[in-house]
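Residue-level listing of the chains:
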Amino acid sequence: MGNKKQAKQDGTNGKITRRSFLKLSGAAAVGMWVGNALPDVIWIDEVIAAIPASEGYLLVDTKKCQGCMSCMLACSLVHEGVENLSLARIQVIQNPFQKWPHDLTIEQCRQCVDPACVAACPVHALEANPNYGNVRMVYGERCTGCGECAAACPYTPSRSLVAADERYQNKEKAGKCDLCAKAPYHWYKKGGGPHGKQACIEVCPVKAIKFTKEIPLQEGEAGYKVNLRDEKWASLGYPMD
Amino acid sequence: MNGYMGEILRVDLTHGKIMTIPTRAYEPWVGGHGMGSAIFFDLVKDKTIDGFDPANVVTIMTSPLCGTLVPAGSGRTEVQGIGVQSYPIGWFTRSNFGGRFSTMLKHAGWDGIVIEGRAEGPVWIDIRNRTVQIRNCRPLSLWGTDTWACQERIWNYVAGKGAFGDWLTLDGGGGGKTTQRPAVVAIGPAGENLSRMACLIHDAANSSGQGGFGAVWGSKNLKAISVIGTGSINVHAPKALMEARLRQTNTYAFDLDNRKGRPLSTVFDAPPRPVTLWGTPRGSKRPSEGQRPVACVGCHAGCRGRYESGLGNEAHCAGTAFYSEASSLDIQRRSSDLLNRYGVNAFEAWRGLEYLRVLNKEGVLGPGKKIDFPLTFKNFGSYEFVEQFVKMIAFRNDGHGHKSQTGADLGEGFVRAAEKWGRLEGEEGDLKTGWLNFPYWGLPNHYEPRAELEWGYGTILGDRDINEHCFNTIFWDVLISRFIGGKPRATAEETVKICTEKMIPFQGDHLMMDYGTENMYSEHMAKLVAWHRHYTRFWKQSALLCDFRWPDFINPYALDKVGSTGESEQKFFNAVTGKHFSFLDGIELGRRIWNLDQAIWTLQGRHRDMVHFADYIYQVPYGGPCFMTSRVNGAWEYVNISGRCIDKEKFEEFKTHFYHLEGWDPKTGYPSRSTLRSLNLGTVADELEKNGKLGKG
Ligand code: SF4
């Protein structure tokens, strides 16, 4: 609710153009600047209505990850009550014959400030949910399984995934990271979402996934793929840089 | 059936037939080894066949825990069948491997794979969800490739035009998408050339090493099995599983912010760190370059690594030790890669190379010597030397592509080769002097049977180097504290109390853990060995908990150092399956499986009189250090068990205690009807009786 209020106060009614925003902030400082000063207002393309920024993001360290895929198993476990790597909203992809660090990547949903998936959904089944810190979320009842969101996602692999969903008589439904906001099998009494606990973070044995409220730098990967290695990690013989 | 996919895939290579077995038919055995033994028993009518016989059946089994969040209980795959490595008989044996194969197999909808027969020419099996095809190796030119190239070719074939990292839509039944590449397990040239020390390799270095299953696959003309799947594994209590996982790792796993105790390699609380022995004997050395730990699916603490140079990716333990005297770390790492690419058993290659060096030093083996052997030993330490050596084993030639009789002999394994070279004869035979350090069933020494009794006894009473580190952590902990410094994780008294308290149904018998010479043939020692056989047969080899992380006996993070074993195993099992299993139920089922295995070995020809170590174990004292728990003037201490042999006659007493404890006929070692009946194995007793091998009692 906080976003709407602020949007009205600053007179933009939640609308601010990319051009004017960049003028204001300077492109290089987008991530930090937005995160600190305007957590609830985002830049958007010229005419699209503003979507309030998510109040939480997942950051990962692809150089630290041990490739155990526990995060993926935890994701489908708390959301679908099953173990299924294909349903995981975070994807760890590996090639054991490659050299470190090119042997592994982690692809998590970026909760984009300017979410193409939200814009693409023809039936408004994918929206920022104000009840859960504006995390971009699929409303299963509304979703027709058309796959527009997955097709629109600019990242590889697409962060939203359409699959048969047992809860809807095996109809195709989109699934995407909601920071565990609506995870029916959540183990924690206060649940998930930006103000709760996220299964992948809790389960990761090497702390290669981190939660932040700060909006990461949106351009490129650097804002989301970060260095979570410290001296303690280095004491096991791993690099910090 | 939570935790299960419902069907086991059955592939008849002779007739090119794909069939299924309902998992429910074998559910009482739970999974992994138990199911594998039971299926083997039913399908292989004549248990006396050789491992290379097309009628040999190889089972590749998962457990209900595979592909779930059970820590160090998700990633293993159990392989069984008649092996070709042990001597004089290729026992029905087992060997499991880690990685992601079992997870993928379950996602594809299968609880296991049963392979029988022999294909006419080289084939591989392509599993995409429920669609299974036996494919000729020719279009991809797979036969002749090393295990890594083979896997990459299959990945590219299955992925088609799909870019690495993007969603791949499976054209197999059931559809679904995945970002993953197929999990492939393959043989290398060693398997193709029927080398008895050939492995199965999955990803860079997960290997099913013991038993020579690589050669068994080679004899079946089976190059690889590839599996990719997108289905769900049902879990009985998802919340409870998540809670149990977090509680287990938060309470008992390593904590970098609060480090406690010595970080050993084979404990639940081990940190995520590659277990590599490169650089020994001067002390192990990790490469000083960028790297990460690498874990099997679901594991909380990986034990392998991947490196900036890519050298030695995922290599582990013995696979990193076998050429540890090489002149550089890079050569050692490349030698690990050779083993994995050619698919060669590290332990046999390691001990075998030690043996060849002794014979060379004694002037009997080498180019132009009595045993004309094409390796130039003055080049020992170089890459060229080790490459030629591994290729000799894999290709059974001189390692350079030319015929060589001694190269061909190596493919038979070192004990058979030594026998052929006349080295086992007479009073100074190499198994009498111990030059050939292969103490049990023609298999290489791992941990010393004269000192680490549960290891040696467990192996000779079974089928293979047990490679179960449950009590072996004591050896390492105390050894490191004596030679490097620091205190062991627990005092000897604490160790004995904590471990024996958990060893139901024998709990509280402290003497089970007295490794001293006075106690080494006692009923108490028989109980230790029996408990170990039963625990591992079920919890490690059927439920498929990882040997490197379970059991959790002594744990510095736990209250009073009392680890979670006995509390946690069944909690995870029940959360996944919805069964009401107790820890003791697991031990009892382990006993049932162990009895079935003993019945199979009996049918293969085992008799009590055969159950003996190589002669040097009785004649040559063990010279190295080994600190284990024992009583000194009534008080528990870590005692150096050095300088002793096993007494051959007293070992007979031990066997009698053991057979009595198991309810087997002490005269023959054959299982008795009453014991088998009490385990609901009446049909097994009938089969033994039919073959004149039912024990009395
Ligand atoms: S749980 Fe952590 S270490 Fe394991 S794959 Fe996920 S990010 Fe990597």
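Residues numbered from 1 in each chain as written. Chains lettered and ligands numbered in written order. Predicted model: local features only at pLDDT ≥ 70, side-chain atom pairs only at ≥ 80, totals over all residues. Heavy atoms only, no water.

Draft legend 1. Local environment of the overall build of chain B. If you tally the helices and strands in chain B, you get 23 helices and 21 strands. Scaling as 2.2 N^0.38, a compact globule of 697 residues should have a C-alpha radius of gyration of about 26 Å, and chain B matches this with 24 Å. If one aligns the C-alpha atoms of chain B with their principal axes, the spans along those axes are about 70 × 65 × 60 Å. Buried residues in chain B amount to 68% of all 697 residues. Within chain B, residue pairs in contact and separated by at least 24 positions form 68% of the contacts whose partners lie at least 6 positions apart. Carbon and sulfur atoms provide 48% of the accessible area of chain B, an area that totals close to 22,400 Å². Counting 80 positive and 76 negative side-chain charges, chain B places the centres of these two groups 3 Å from one another. (Helix = DSSP H or I, 4+ residues; strand = E, 2+ residues; numbered from the N terminus. Rg over C-alpha atoms; globule rule 2.2 N^0.38 Å. Buried < 20%, exposed > 50% of the residue type's maximum accessible area, 1.4 Å probe, protein only. Contact = heavy atoms within 4.5 Å. Areas by Shrake-Rupley, 256 points an atom, 1.4 Å probe, with all protein chains shown as cover. Lys, Arg positive; Asp, Glu negative; His and termini not counted. Charge placed at Lys NZ, Arg CZ, Asp CG, Glu CD.)

Draft legend 2. Summary view of the side chain of B:S336. All names here are of chain B. With respect to the secondary-structure elements, S336 resides in helix α8 (residues 329–342). Looking at S336, the relative accessible area reads 1%, which means it is buried. A distance of 3.0 Å separates the side chain of S336 from the side chain of W278, its partner in a polar contact. If we ignore the near neighbours within four places in the chain, the residues touching S336 are W278, A315, G319 and T320. (Polar contact = N/O pair within 3.5 Å; in protein donor to acceptor, adjacent residues only side chain to side chain.)

Draft legend 3. Geometry of the nonpolar core. Counting residues in hydrophobic clusters, the biggest one holds 260 residues, and the most contacted among them are B:I127, B:I225, B:F389 and B:Y457. With sequence-adjacent residues up to four places away left out, B:Y457 is seen in contact with B:M520, B:Y521, B:M525, B:V529, B:F613, B:I646, B:F651 and B:F654. Of all hydrophobic cores here, the second largest spans 12 residues; its members include A:I51, A:V118, A:C121 and A:C143. (Core = buried A, V, L, I, M, F, W, Y, C linked by side-chain atoms within 4.5 Å.)

Draft legend 4. How the structure looks around helix α4 (residues 70–80) of chain A. Counting buried positions along α4(A) yields 11 of 11 residues, so the element is predominantly enclosed. The set of residues buried in α4(A) consists of A:S70, A:C71, A:M72, A:L73, A:A74, A:C75, A:S76, A:L77, A:V78, A:H79 and A:E80. In this structure, the buried side of α4(A) is in contact with β2 (82–83), β3 (91–94), α7 (199–203) and β9 (209–212) of chain A together with α6 (238–252) of chain B. Looking at the residues trailing α4(A), positive phi occurs at A:G81, about 75°.

Draft legend 5. Up close: empty space enclosed by the protein. Residue and element names in this part refer to chain B. Inspection of the entire model under this criterion finds 13 cavities of 30 Å³ or more. Estimates place the volume of the largest cavity at around 850 Å³. Along the wall of the largest cavity there are 49 residues; nearest its centre are R76, N96, S207, H316 and N467. If you list the elements that add at least two residues to the lining of the largest cavity, you get β5 (92–97), α7 (318–321), α8 and α9 (346–361). (1 Å grid on protein atoms, 1.4 Å probe; cavity = no way out; pocket = protein on both sides within 12 Å on 5 of 7 lines; lining within 4 Å. Points joined across faces, edges and corners; volume = space filled by probe spheres on them.)

Draft legend 6. Quick look at the domain arrangement of chain B. All names here are of chain B. On domain assignment, one finds that chain B holds domain 1 (7–228), domain 2 (244–433) and domain 3 (453–690). Spacing between the C-alpha centres of domain 1 and domain 2 amounts to 24 Å. Taken together, the 36 residues of domain 1 in the interface contact 34 residues of domain 2. Our count for the contact surface shared by domain 1 and domain 2 stands at 2 salt bridges. Among the ionic pairs, R196 bridges to E412, the shortest N-O distance being 3.0 Å. Viewed at the interface, domain 2 and domain 1 are joined by 22 residue pairs in polar contact (both at pLDDT 80 or more). Only α3 (147–159) and α4 (189–192) provide two or more residues apiece to the side of domain 1 that touches domain 2. Taken together, the residues of the side of domain 1 that touches domain 2 break down into 17 nonpolar, 15 polar and 4 charged. (Domains from an automatic or database assignment. Salt bridge = Lys/Arg side-chain N within 4 Å of Asp/Glu carboxyl O. Nonpolar A, V, L, I, M, F, W, Y, C, P; charged D, E, K, R; others polar.)

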